[in-house]
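Per-entry structural report
Below are the chains, spelled out letter by letter.
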Amino acid sequence: MAMLPPSPSLAFTVRRSEPELVTPIKPTPREYKPLSDIDDRDGHRFLYPIILLYGYNPSMKGKDPASVIRDALAKTLVFYHPFAGRLREGPNRKLWVDCTGEGVLFVEGDADVTLEQFGEELQPPFPCMDELLCDVPGYGEVLNSPLFLIQVTRLKCGGFIFAIRHNHTMSDAIGLLQFMNAVGEMARDALAPTVLPVWERHLLNARSPHRVTCAHHEFDHEMIDRNNETTQPNNMINRSFFFGSDEVLALRSLVPSDHQCSTFDIVTACLWRCHTRALQLDPNEEIHIICIVNARSKFNPPLPLGYYGNAIGYPATLTTAGKLCQNPLWYAIELVKETKRKVTEEYMKSTADFLVTRGRPALNMTRSFLVSHVSRIKFEDVDFGWGKAAYGGQAKIMDGKHLLPFKNKKGKDGILLPICLPAPIMERFVNELTGMLKNENHVGKCKL
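Rules behind the numbers
- Residues numbered from 1 in each chain as written.
- Predicted model: local features only at pLDDT ≥ 70, side-chain atom pairs only at ≥ 80, totals over all residues.
- Heavy atoms only, no water.
- Salt bridge = Lys/Arg side-chain N within 4 Å of Asp/Glu carboxyl O.
- Helix = DSSP H or I, 4+ residues; strand = E, 2+ residues; numbered from the N terminus.
- Buried < 20%, exposed > 50% of the residue type's maximum accessible area, 1.4 Å probe, protein only.
- Core = buried A, V, L, I, M, F, W, Y, C linked by side-chain atoms within 4.5 Å.
- 1 Å grid on protein atoms, 1.4 Å probe; cavity = no way out; pocket = protein on both sides within 12 Å on 5 of 7 lines; lining within 4 Å.
- Points joined across faces, edges and corners; volume = space filled by probe spheres on them.
- Nonpolar A, V, L, I, M, F, W, Y, C, P; charged D, E, K, R; others polar.
- Axes fitted to C-alpha atoms, helices over the stretch in contact; angles between N-to-C directions.
- Left-handed = near helix turned anticlockwise from the far one by under 90°.
- Contact = heavy atoms within 4.5 Å.
- Pairing = 2+ DSSP bridges.

1. Focus: the pattern of salt bridges
Scanning the model with the defined rule gives 31 salt bridges in all. Of the charged contacts in the structure, one is a salt bridge between Asp 353 and Arg 207, with a shortest N-O distance of 2.8 Å. Residue Asp 353 is located in helix α8 (residues 345–357), and its partner Arg 207 is located in the loop between α3 (173–187) and β11 (236–243); the two are separated by 146 residues in the primary sequence. By the burial criterion, Asp 353 is buried, and Arg 207 matches it. What emerges from the salt-bridge pattern is a single network uniting Glu 20, Asp 64, Arg 70, Glu 108, Asp 110 and Arg 154.

Dropping the structure here:
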């Protein structure tokens with residue numbers, strides 16, 4: 001297991017233009033479009049940042065990335081015109097898009113730093129994010145505000161940084177990547193996106209009458225956090241862990257050969273166990289794992305190609321800290337697999353019914369290990385004409401555990417886990433993870 005060094009400590013300022021609204025280049029329909037009942041739950045009502053870093057490309061000499069992207073954005077918004085609107089809230093907290101065509105916020109700037117100064121192995125959290133993605137007065141609310149803020153920062157090496165803050169109610173990561181790929185295509189002189197956007201949010205609405213047919217432990221807020229050691233604002237440490245083929249092979253050696261599992265299954269099971277043991281919970285304490293699962297293919301027929309709304313499930317599976325820590329690794333693997341299998345068309349419809357009848361609650365994060373596998377969501381492939389990004393993905397360490405695609409400085413592909421924990425828990429987590437990979441402690445007891 002390779003623990004990557006933290007991002008270099010950089011300090012710089014960005015000389016920015018005044019924020020402007022980029023509107024669709026052609027007139028678009030003025031209409032009201034309701035979000036789905038999966039889109040507008042509490043847990044999606046926030047803005048999340050994505051960052052892409054590009055190196056110098058001599059074939060693009062003389063072209064300004066900010067101008068190219070601004071023009072492409074205006075063209076793309078003709079196809080994705082709801083993104084140029086504003087969210088409104090109706091009765092029962094239902095969200096709608098008012099397709100006003102007012103546009104999205106755009107800022108351009110310059111920084112006297114080079115891409116190389118961000119380090120050999122680009123990873124979140126990135127330094128000076130408040131400079132690379134600025135705060136704009138009047139922007140930042142979920143309702144009645146622009147749905148995007150985009151900042152393009154030119155670097156003195158000839159590269160640039162594209163950063164975007166996006167309203168999660170409008171789309172999940174797959175939907176956002178679809179939009180950004182469309183902007184890239186338009187920047188490269190396409191007349192229309194290869195994948196045309198599909199709204200069809202009614203496909204993920206609650207039924208009438210409502211029928212909650214599945215257990216939804218992910219929204220169970222009756223669990224009590226008896227130990228708040230996981231939140232120590234003044235003592236938090238960021239670390240990133242790389243799992244390449246050697247690390248995955250070491251973990252597979254802990255599992256009987258007749259137990260089939262994916263790389264995601266075994267890495268997630270390993271991390272969940274190590275994290276739980278690092279927390280030093282009472283063995284009888286109830287815990288659960290939540291896996292974020294793309295549900296597009298789970299429907300019959302599948303959701304249409306081009307659907308860019310939130311189409312993700314958050315299924316949860318319960319166990320106790322003692323069972324997770326004392327059983328072999330395959331026990332955790334089977335729970336991960338069981339959790340993923342829960343996402344079906346019926347589960348998604350039951351989720352929508354549950355959310356509508358329970359006031360659209362947020363996830364229960366108490367004693368939860370929330371994990372998402374975004375290694376197939378390749379933001380680095382977005383090409384505005386400068387080629388692939390040197391890094392594309394989350395800009396900071398988010399809630400939950402996000403397994404990211406990553407190539408280390410040796411050129412090896414693998415999975416990166418950026419994680420933020422209080423210092424004492426991080427130390428124990430590192431020890432547990434190191435021991436597991438060395439086959440020293442793959443079965444053990446929770447510490448009281």
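What follows picks up the thread again.
2. A closer look at the nonpolar core
Judged by nonpolar contacts, the single largest core of 82 residues is most densely connected at Ile 51, Phe 118, Phe 162 and Phe 384. Examining the composition of this core, we find that 8 residues originate from one element, α3, more than from any other.

3. So, empty space enclosed by the protein
According to the stated counting rule, one finds 1 cavity of 30 Å³ or more in the structure shown. The calculated volume of the largest cavity comes to roughly 30 Å³. Lining the largest cavity, in full, are Ile 69, Leu 73, Ile 150, Phe 162, Ile 164, Phe 179, Met 180 and Val 183. Where the lining of the largest cavity is concerned, the elements lending two or more residues are α1 (65–79), β10 (160–167) and α3. Take the lining of the largest cavity: its biggest share by element is 3 residues, from α3. Classifying every residue of the lining of the largest cavity by side-chain character gives 8 nonpolar, no polar and no charged.

4. Remarks on the packing of helix α5 (residues 263–279) against helix α7 (residues 329–341)
Relative orientation of the contacting elements α5 and α7 amounts to 115°, with a least axis distance of 8 Å. The interaxial crossing formed by α5 with α7 has right-handed handedness. On the side of α5, the interface is formed by Phe 264, Asp 265, Ile 266, Thr 268, Ala 269, Cys 270, Trp 272 and Arg 273, while α7 contributes Leu 329, Ala 332, Ile 333, Leu 335, Val 336, Lys 337 and Lys 340. By residue class, the composition of the contact of α5 with α7 is 10 nonpolar, 1 polar and 4 charged.

5. Overview of the pairing of strand β8 (residues 104–111)
In terms of burial, β8 is a largely internal element, 7 of the 8 residues being buried. Both strand β2 (residues 14–16) and β8 contribute to a ladder of 3 bridges, which runs antiparallel. Residue pairing for β8: Arg 16 is matched across the bridge by Gly 109. By the bridge criterion, 3 bridges tie strand β3 (residues 20–22) to β8 in an arrangement that is antiparallel. Bridging across to β8, Leu 21 finds its partner in Leu 105.

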